[in-house]
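# Analysis of the macromolecular model
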Amino acid sequence: MDGWSTDWAIPRLAICLLAAATVAVGCGGNSDEEQLVGTFTLPRTYDQLDLGSPEAAVAEFSSAFVRRDFVTAMLLLHPATQTTMANDVLTADFSTWVMPEVEPAVRTRIELERDGDHALDVLRVFEIAMEEATVTGGFRVDLAGGIENVTERSADAFTAIVDASLATGGAPVTFELAPVSDGTWRIRQVRLENGSAGDLPF
């Protein structure tokens, strides 16, 4: 698509934390800055997260959405899903991220930030998309209210299926996971009962 950069890459956690730390530096005695630092949620590092089982990874992913910590949520997605999402960014197709009515707002935010003071990678675009969905209620799967009745349906060395229900409304939701090289688990896809298994991430 004309005007879209092709040098997108999956971000490293260290870069995210460096950017977050920059916000906190130099708060001094300014009350506005102190308020910002006081309410800012730093992305969590992998060693702070319990990813040792499929159910634990699902709990961490849901918790990140409840906290509106979309940076951590993105980092909990499986690398294969992140790669697919990077391709979505290249084509400006966010139809499997948010509801159709939210996509124009996401594209507008991207254009406004494109020449800003930080790089627009797939992590930041995901954060933008989820922020817009939060404002408009345009989530494809609304995890903002949390989940209940978490149950592991199946698991083997290659994939796991975890079922739950949305705390708000009670709709059934399914989490598909896969392990990464260190044996911990990441979210491959989240879908509602009528969702398509091919739509990533939602």
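Here, the structure is the one placed above.
Residues numbered from 1 in each chain as written. Predicted model: local features only at pLDDT ≥ 70, side-chain atom pairs only at ≥ 80, totals over all residues. Heavy atoms only, no water.

## Some thoughts on helix α6 (residues 103–113)
Residues E103, V106, I110 and E113 constitute the buried set of α6. In an axial view of α6, the angular spread of the buried residues amounts to 95 degrees, which keeps them on one side of the axis. Here the buried face of α6 lies against α7 (122–136). (Buried < 20%, exposed > 50% of the residue type's maximum accessible area, 1.4 Å probe, protein only. Helix = DSSP H or I, 4+ residues; strand = E, 2+ residues; numbered from the N terminus. Arc of directions from axis to C-beta. Contact = heavy atoms within 4.5 Å.)

## Observations regarding the packing of α6 against α7
As a packed pair, α6 and α7 sit with axes 9 Å apart at the nearest point and diverge in direction by 135 degrees. By the angle class used here, α6 and α7 are oblique. For the crossing formed where α6 meets α7, the hand is right-handed. The segment α6 lies against α7, with A105, V106, R109, I110 and E113 engaging R124, V125, I128, A129, E131 and E132. Partitioning the contact of α6 with α7 into residue classes produces six nonpolar, no polar and five charged. (Axes fitted to C-alpha atoms, helices over the stretch in contact; angles between N-to-C directions. Parallel < 35°, antiparallel > 145°, perpendicular 65-115°, else oblique. Left-handed = near helix turned anticlockwise from the far one by under 90°. Nonpolar A, V, L, I, M, F, W, Y, C, P; charged D, E, K, R; others polar.)

## Some points on the pairing of strand β1 (residues 147–155)
Relative to strand β2 (residues 160–166), β1 runs antiparallel, the two being bridged by six bridges. Of the residues in β2, the one forming a bridge with E152 is V162. Counted between consecutive antiparallel strands, the loop separating β1 from β2 contains four residues. (Pairing = 2+ DSSP bridges.)

## Here we look at the side chain of E176
Structurally, the position occupied by E176 is in strand β3 (residues 172–179). Here E176 falls in the buried class, since its relative accessible area comes to 14%. Apart from residues lying up to four places away in sequence, E176 is in contact with T159, A160, I161, R186, I187, R188, Q189 and R191.

## Comments concerning the nonpolar core
Grouped together as the largest cluster of nonpolar side chains are 48 residues, with contacts concentrated most on F61, F65, W97, F126 and F175. Elements that contribute at least two residues to this core include exactly α3 (54–66), α4 (70–75), α5 (79–91), α6, α7, β2, β3 and β4 (185–192). Sort the elements by how many residues they give to this core and α7 lands first, with eight residues. Among all residues touching F65, those that are not within four sequence positions of it are F70, A73, F126, M130, F139, L143, A144 and F202. (Core = buried A, V, L, I, M, F, W, Y, C linked by side-chain atoms within 4.5 Å.)

## So, the pairing of β3
With six of eight residues buried, β3 is to be regarded as a mostly interior element. As defined by bridge partners, β2 adjoins β3 across six bridges and the pair is classed as antiparallel. Residue pairing across strands places V162 opposite F175, the latter belonging to β3. Remark: five residues form the turn of the hairpin made by β2 and β3, two consecutive strands paired antiparallel; G169 in that turn has positive phi of roughly 95 degrees. The sheet contact formed by β3 and β4 spans seven bridges and is antiparallel.

Any link to function would need more than the numbers given here.
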